[in-house]
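# Observations on the model geometry
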Amino acid sequence: QPLMYRLYRQVPVAGRYLLLCLYLCLWVFALFNYSSRCRYSQPDVFIEDWPADDSRLKSGRCYLRRDSLQLQPIDMQNAPELHHLETALAGPEVPAQMRLRPGGSWAPSNCTPLQHVAVMVAFRNRDFHLRLLLNRLHRMLRRQLIKYTVFVVEQTGPEPFNRGMLMNVGVVEALKLASFDCFIFHDVDMIPEHDRNVYLCDENARHLASAIDEMRYHVMFYNYLGAVLAMSSKNFFRINGFSNVYWGWGNEDDDISARTMEAGMLVSRPPLTLGRYKMVRHPKAVRIEGGYTHFMAWRARHYEDGLNALRKNSYTIVSRQAMPLYTNISVRLSLSRHQMKQEWLSKTDSVWWFLRFYYP
């Protein structure tokens, strides 16, 4: 007889009923908490192939050649020096139509792009990671015929790193320079592998990093929106941006995911074969103390803690420079101005909601 059956026979009758009851409870939990919030969609949903009939090109819209967008080999061990990258991507020998403009901007010259995209990279002391990312990102985005600017929002000062607030500051400061339709919130250690993972926004919260090598090319959990997230300007302001109170690593991406849920937004992801990323190996930061406690109080501060909480004394712009490969915004954040309030902590969500978020 099979081993499992023999073990089952050794369990007392009362224990068998208990196991059966537990099994049924899990099924009921899954049934009533099933969510179809997430969608896997091809980038072709909002990007068309180059038409066979060239007469369609008279509209001037940018089209892509599918065969030119392939899975690329990524060298994770060797990052070009910054001056070599500047020469290769923005130097005088680069053809004018492919050359980056100061500030890390580029736009196709022979067609009209669908959106104006700002790539936001929160940064501090990760020069090797940044060089790897810039080397890959610029080459990929030019193949995708996207009009874009790369912003590196660099945190200065001794305060703990605050990714969410850096992204908020980046959006506010970028909009002072130009009008952007789409924001890509990008971790500096995430290197995209497939050129067909198009860096554009749709009407949803588009989670571009659907398959990360460190997670065996799967999503960490159902509602995960970390690593690389694309969101339209309209939707980002609609949810009040990121939270500003996560000082240290962790949970700010869970917080923005909950905000998109509250707004009734779906999550779209590229298929696992396209949304592939390699993570640059580095020592892991210790998760923020009390991060999950902060997260459980997200609903109480949703409309008070975000873009609308940024004030003149919330942060100080140390410098703003149009570098050859990116626009650098160096900023000093105010730790004292953005802390959790006791009144928020007294209004936390239930453990039931917490379980539904991580295990729907």
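As shown above, the structure is provided for reference.
Calculation rules
Residues numbered from 1 in each chain as written. Predicted model: local features only at pLDDT ≥ 70, side-chain atom pairs only at ≥ 80, totals over all residues. Heavy atoms only, no water. Buried < 20%, exposed > 50% of the residue type's maximum accessible area, 1.4 Å probe, protein only. Helix = DSSP H or I, 4+ residues; strand = E, 2+ residues; numbered from the N terminus. Pairing = 2+ DSSP bridges. Axes fitted to C-alpha atoms, helices over the stretch in contact; angles between N-to-C directions. Parallel < 35°, antiparallel > 145°, perpendicular 65-115°, else oblique. Contact = heavy atoms within 4.5 Å. Nonpolar A, V, L, I, M, F, W, Y, C, P; charged D, E, K, R; others polar. Phe/Tyr/Trp six-rings, centres within 6.5 Å; stacked < 30°, edge-to-face > 60°. Lys NZ or Arg CZ within 6 Å of the ring centre and 35° of its normal. Right-handed = clockwise from strand over helix to strand, strands pointing away. Salt bridge = Lys/Arg side-chain N within 4 Å of Asp/Glu carboxyl O.

### Re the pairing of strand β4 (residues 147–156)
The element β4 is extensively covered by neighbouring structure, given that seven of its ten residues are classed as buried. Pairing analysis gives two bridges linking strand β2 (residues 105–106) to β4, with the strands arranged antiparallel. Residue Ser-105 lies in a different strand from β4, and its bridge partner there is Thr-149. By the bridge criterion, eight bridges tie strand β3 (residues 116–123) to β4 in an arrangement that is parallel.

### Regarding the packing of helix α3 (residues 82–90) against helix α4 (residues 127–143)
Where α3 meets α4, the axes come as close as 10 Å, and the angle between the chain directions of the two elements is 10°. One finds that α3 runs roughly parallel with respect to α4. Packed against α3, whose contacting residues are Leu-82, Leu-85, Ala-88 and Leu-89, the element α4 presents Arg-131, Leu-134, Asn-135, His-138, Arg-139 and Arg-142 at the interface. Grouping the constituent residues of the contact of α3 with α4 by class yields five nonpolar, two polar and three charged.

### Digging into the packing of aromatic side chains
Enumeration according to the criterion identifies 20 aromatic pairs in this entry. Of the aromatic side chains, those joined through ring pairs into one cluster are Phe-221, Tyr-224, Tyr-292, Phe-295, Trp-298, Trp-353, Phe-354, Phe-357 and Tyr-358. Sitting above the plane of the Tyr-217 ring, Arg-276 keeps its charged end 4.0 Å from the centroid.

### A few points about the sheet that holds strand β8 (residues 211–212)
Reading across from one edge, β6-β11-β8 is the order of the three strands in this open sheet, with mixed pairing throughout. Edge strands, defined here as strands with exactly one partner in the open sheet, are β6 (190–192) and β8. Here three bridges tie β6 to strand β11 (residues 276–279), and the two strands are oriented antiparallel to one another. Within β11, the residue paired with Pro-192 across the bridge is Tyr-277.

### Remarks on the pairing of β3
The buried count for β3 comes to eight of eight residues, which makes it a mostly enclosed element. Neither face of β3 is open: one carries His-116, Ala-118, Met-120 and Ala-122, the other Val-117, Val-119, Val-121 and Phe-123, and all of them are buried. For the crossover from β3 across α4 to β4, the handedness is right-handed. Bridge count for β3 against strand β5 (residues 182–186) is five bridges, and the pairing is parallel. When the sheet's bridge partners are listed, Val-117 is paired in β5 with Cys-182.

### Section: the environment of Gly-248
Along the chain, Gly-248 turns up in the loop between α6 (233–238) and α7 (252–262). For the pair Gly-248 and Gly-291, spaced 43 residues apart in sequence, the C-alpha to C-alpha distance is 8.8 Å. Filtering out sequence-adjacent residues up to four positions away, Gly-248 remains in contact with Pro-160, Phe-161 and Ile-288.

### Section: the pattern of salt bridges
Here the structure, examined in full by the defined rule, presents 17 salt bridges. Its salt-bridge partner being Asp-195, residue Arg-136 comes within 2.7 Å of it at the nearest N-O pair. Taken together, the positions of Arg-136 in helix α4 and Asp-195 in the loop between β6 and β7 (205–207) put the pair 59 residues apart, joining distant regions of the chain. Assigned by exposure class, Arg-136 and Asp-195 land together as buried. Via salt bridges that share partners, Asp-255, Arg-259, Arg-301 and Asp-305 belong to a single interconnected network.

### Section: unusual backbone geometry
Although it is not a glycine, Arg-216 sits at a positive phi angle of roughly 55°. With respect to the secondary-structure elements, Arg-216 resides in the loop between β8 and β9 (228–232). Overall, Arg-216 belongs to the exposed group, its relative accessible area being 72%.

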